[in-house]
Amino acid sequence: MVERIKERMEASLPRIRKAKIGAMQIETALYIGQQAIYTVLWVIAFPLLIGLITGLVVSIFQATTQIQEQTLAFIPKIVAIMAAIALLGRFMLSRLIEFTLLMFDFARTVSGS
């Protein structure tokens with residue numbers, strides 16, 4: 001896992017090296033923002049999708065049984081999202097670590113150390 005993260009970091013380093021020492025180019029700032037957005041989307045995509053599917057299943061169940069309880073959908077969604085986080089936590093954490101290492105490397109490159 002660590003090797004894969006290092007390989008991805010090495011692949012993205014040429015883009016980072018565009019930065020001037022002590023200054024930040026617009027392309028570099030846009031790249032950082034783009035990577036931050038991609039990281040957030042990858043981390044929240046699976047729990048959000050599982051919560052959406054769970055809500056849809058509970059809504060169909062409520063419609064077919066004619067149960068009109070408003071709070072019935074919350075508990076299955078919470079359980080499903082917590083289970084998704086528990087199962088996919090390793091993947092989510094590896095994406096966050098990858099982004100953090102990329103930002104530390106960028107900070108080192110910009111500062112000239």
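Given the structure is predicted, the values throughout are model-derived calculations rather than measurements. Throughout this description, residue numbers start from 1 for each chain and increase along the sequence as written. Local features are withheld for residues below a pLDDT of 70 in this predicted model, meaning they are given only at 70 or higher, and side-chain atom pairs are given and counted only at 80 or more; totals for whole chains, interfaces and linings count all residues. Excluding hydrogens and water, the side-chain values take into account all heavy atoms of the structure.

Asker: I keep staring at the environment of I75 and nothing clicks. Help me out?
Answerer: Secondary structure counts use DSSP, requiring at least four H or I residues in a row for a helix and at least two E residues in a row for a strand, with both numbered from the N terminus. With respect to the helices and strands, I75 occurs in helix α3 (residues 74-111). For the pair I75 and G55, spaced 20 residues apart in sequence, the C-alpha to C-alpha distance is 9.9 Å.

Asker: In this structure, what is going on with a nonpolar patch on the surface? I would like to understand it.
Answerer: Residues qualify for a patch when their relative accessible area is over 30% and they have no salt bridge, like charges being joined within 9 Å and the nonpolar side chains of Val, Leu, Ile, Met, Phe, Trp and Tyr within 5 Å. Computed by Shrake-Rupley with a 1.4 Å probe, the accessible areas treat only the displayed protein chains as cover when residues are assessed. What counts as a salt bridge is simple: a side-chain nitrogen of Lys or Arg found within 4 Å of a carboxyl oxygen of Asp or Glu. Taken together, the side chains of I37, Y38, V40, L41, W42, I44, F46 and L48 define a hydrophobic patch exposed on the protein surface, amounting to about 780 Å² of accessible area. Mapped onto the secondary structure, L41 falls in helix α2 (residues 26-65).

Asker: Mind showing me how you'd approach unusual backbone geometry here?
Answerer: One non-glycine residue, Q66, adopts positive backbone phi at about 60 degrees. When you line up the elements, Q66 lands in the loop between α2 and α3.

Asker: What should I look at first to understand the pattern of salt bridges in this one?
Answerer: When charged atoms on two side chains of opposite charge get close, those side chains can pair. Within the structure shown, the criterion is met by one salt bridge. The residue R108 makes a salt bridge to D105 at a minimum N-O spacing of 2.4 Å. Of the two residues, R108 and D105 are both situated in helix α3; the distance of three residues between them amounts to about one turn of the helix. The buried label goes to any residue with under 20% of its type's maximum accessible area, the exposed label to any with over 50%, and the partly exposed label to all in between, with areas taken from a 1.4 Å probe on protein chains only. For R108, a relative accessible area of 47% translates into the label partly exposed. Residue classification places D105 among the buried positions, given a relative accessible area of 5%.

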